[in-house]
Amino acid sequence: MRRRANVLSGLSIDRAAGLRTNPERLAEAWCRAETRVLPVWRSKHFVVSEELSRVAFVGPERFPGFEEAILLGEGDGAVYFAMDVSHVEQPLAELGLDELHTVLGLREVASLLPQAEGALLAYANGMSSWHQRHRFCSVCGCETVSAQAGHVRECTACGEIHFPRTDPAVIMLVTRDDECLLGRQAAWPEKVHSTLAGFVEPGESLEEAVAREVYEEAGIKVEDVQYHSSQPWPFPGSLMLGFTAVATTRDIVLQTEELEAARWFRADELREQEVVKLPSEISIARRLIEDWLEG
Ligand SMILES: [Zn+2]
């Protein structure tokens, strides 16, 4: 275990899985004054404007019912739900949130929020994105409906049950002697370089995915692939699995069009941040680099 959790992980409430299949208790929880609903609007979240470090909740009375609500869990005597409100045009007014509130993307607020609130938003965001993208059955093509308090979708025709999906992606810091390998995509802000990453493919172990991605993207061979830590990354549904690996070759050959550039960096170049800028503070990529610099 690493000494601190990555941003977007570290949920403090109990997911209360037993409650998902208990309609009586759910209905009762929905009516309680302490119940807190976390609205999600077009993948964005509501925070208190002044400090941007407090999540805004609304009461369940703002919604006609809880059929579309997603149970997040319970903690501190309250039951937490998420509700997708993407269909409304003026979300602040509709939700009764005044001008002291604002709506922001998860990446923007994640670094400002306490750890557990960032994790709660990542959870709500990932669940809400999954519902939006799975309105139709992947087996027969007919409509699906939310069930088990938003934790499955059932096909209305063939009955297939669909579970929320998480796509595993590996992300790795490759080192050789006193340097590490970073790449950059053309769309990123100037000078930003980051660790290489890619999705795990069927029939592949995580260690094999790390070695394949590094070779595919930069033409570098690696060994000694070691797990570091992980991070939910709901953009829209990834789980980033962080690794370190040691290069056995040095000459970089860009193999795909994914990267605009890749090169070896010394620790002092990364600390100065003059020729290179590090990736976002909330990312596991940044964490992998910082841990290596501290190492
Ligand atoms: Zn179906």
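In what follows, the accompanying structure is described. (Residues numbered from 1 in each chain as written. Predicted model: local features only at pLDDT ≥ 70, side-chain atom pairs only at ≥ 80, totals over all residues. Heavy atoms only, no water.)

1. Quick word on the packing of aromatic side chains
Aromatic ring pairs are reported here in terms of the distance separating the ring centres and the angle at which the planes meet.
Next, step 1: Evaluation of the coordinates by the stated rule reveals six aromatic pairs.
Next, step 2: Taking 6.4 Å as the distance between ring centres and 55° as the angle between the ring planes, the aromatic pair formed by Trp30 and Phe63 counts as tilted. Here the residue Trp30 occupies a position in helix H1 (residues 23-31), and Phe63 occupies one in the loop between strand S2 (44-48) and strand S3 (70-75), the gap between them amounting to 33 residues. This pair shows no difference in class: Trp30 is buried, exactly as Phe63 is.
Next, step 3: On the numbers, 5.6 Å between centres and 70° between planes, the contact of Phe57 with Tyr80 is edge-to-face. Separated by 23 residues along the polypeptide, Phe57 in the loop between S2 and S3 and Tyr80 in strand S4 (residues 78-84) bring together distant segments of the chain. Residues Phe57 and Tyr80 agree in their burial class; the two are buried.
Next, step 4: Through a chain of ring-to-ring contacts, three or more aromatic side chains come together here, namely Trp30, Phe63, Phe66 and Phe81. (Phe/Tyr/Trp six-rings, centres within 6.5 Å; stacked < 30°, edge-to-face > 60°. Helix = DSSP H or I, 4+ residues; strand = E, 2+ residues; numbered from the N terminus. Buried < 20%, exposed > 50% of the residue type's maximum accessible area, 1.4 Å probe, protein only.)

2. A few points about the coordination of the zinc ion
Next, step 1: Taken together, Cys137 (SG), Cys140 (SG), Cys155 (SG) and Cys158 (SG) make up the full set of protein donors to the zinc ion, lying 2.3 to 2.4 Å away.
Next, step 2: Relative to the metal, the four donor atoms surrounding the zinc ion lie at angles of 99 to 115°, and the coordination shape comes out tetrahedral.
Next, step 3: Every donor residue of the zinc ion comes from the same chain, spaced as C-x2-C-x14-C-x2-C.
Next, step 4: On the accessibility criterion, Cys158 (40% relative accessible area) is partly exposed. (Donors = N, O, S within 2.8 Å, 3.2 Å for Na, K, Ca; no water. Tetrahedral: all angles 85-135°; square planar, octahedral: opposite > 155°, others 65-115°.)

3. Observations regarding unusual backbone geometry
Next, step 1: A cis amide bond links Phe235 with the next residue in sequence, Pro236, at an omega value of 5°.
Next, step 2: Examined against the element boundaries, Pro236 turns out to sit in the loop between strand S12 (222-233) and strand S13 (238-247).
Next, step 3: In this structure, Asp76 takes a positive phi of about 55° despite not being glycine.
Next, step 4: Tracing the backbone through its elements, the reader meets Asp76 in the loop between S3 and S4.

4. Examining the pattern of salt bridges
Next, step 1: This model, assessed by the stated rule, comprises 16 salt bridges.
Next, step 2: Residues Glu216 and Arg212 are paired through a salt bridge, measuring 3.2 Å at the closest nitrogen-oxygen approach. Of this pair, Glu216 and Arg212 both sit in helix H5 (residues 206-218), four residues apart, which is roughly one turn of that helix.
Next, step 3: Its relative accessible area of 31% is what places Glu216 among the partly exposed residues.
Next, step 4: Relative accessible area serves as the criterion here: at 15%, Arg212 is assigned to the buried category.
Next, step 5: Among the charged side chains, a network of salt bridges with common partners joins Glu201, Glu204, Arg212, Glu213 and Glu216. (Salt bridge = Lys/Arg side-chain N within 4 Å of Asp/Glu carboxyl O.)

5. Side note on the sheet that holds S2
Next, step 1: Strands sit in the order S3-S4-S1-S2-S5 across an open sheet of five strands; the sheet is mixed. The sheet terminates laterally at S3 and strand S5 (101-105), the two strands that pair on one side only. Along the sheet, successive strands turn relative to each other by an average axial angle of 35°, direction set aside.
Next, step 2: Pairing analysis gives five bridges linking S2 to S5, with the strands arranged antiparallel. When the bridges of S5 are listed, Val48 appears paired with His101. (Pairing = 2+ DSSP bridges. Axes fitted to C-alpha atoms, helices over the stretch in contact; angles between N-to-C directions.)

6. Observations concerning the pairing of strand S1 (residues 36-41)
Next, step 1: Here S1 lies mainly inside the structure; five of its six residues are buried.
Next, step 2: In this structure, S1 lies alongside S4, joined through five bridges in parallel fashion. If you follow Val40 over to S4, its bridge partner there is Asp84.
Next, step 3: Where S1 lies against S2, two bridges are found, and the strand directions are antiparallel. Looking at S2, one finds that Trp41 is bridged to Lys44.
Next, step 4: Counted between consecutive antiparallel strands, the loop separating S1 from S2 contains two residues, among which Arg42 sits at a positive phi close to 50°.

7. A few points about the environment of Ser9
Next, step 1: Of note, Ser9 is situated in the segment before H1.
Next, step 2: Of the residues examined, Ser9 reaches a relative accessible area of 16% and is grouped as buried.
Next, step 3: Put simply, Ser9 and Ala211 are 202 residues apart on the chain and 26 Å apart in space, counted from C-alpha to C-alpha.
Next, step 4: Apart from residues lying up to four places away in sequence, Ser9 is in contact with Gln115, Ala119 and Pro232. (Contact = heavy atoms within 4.5 Å.)

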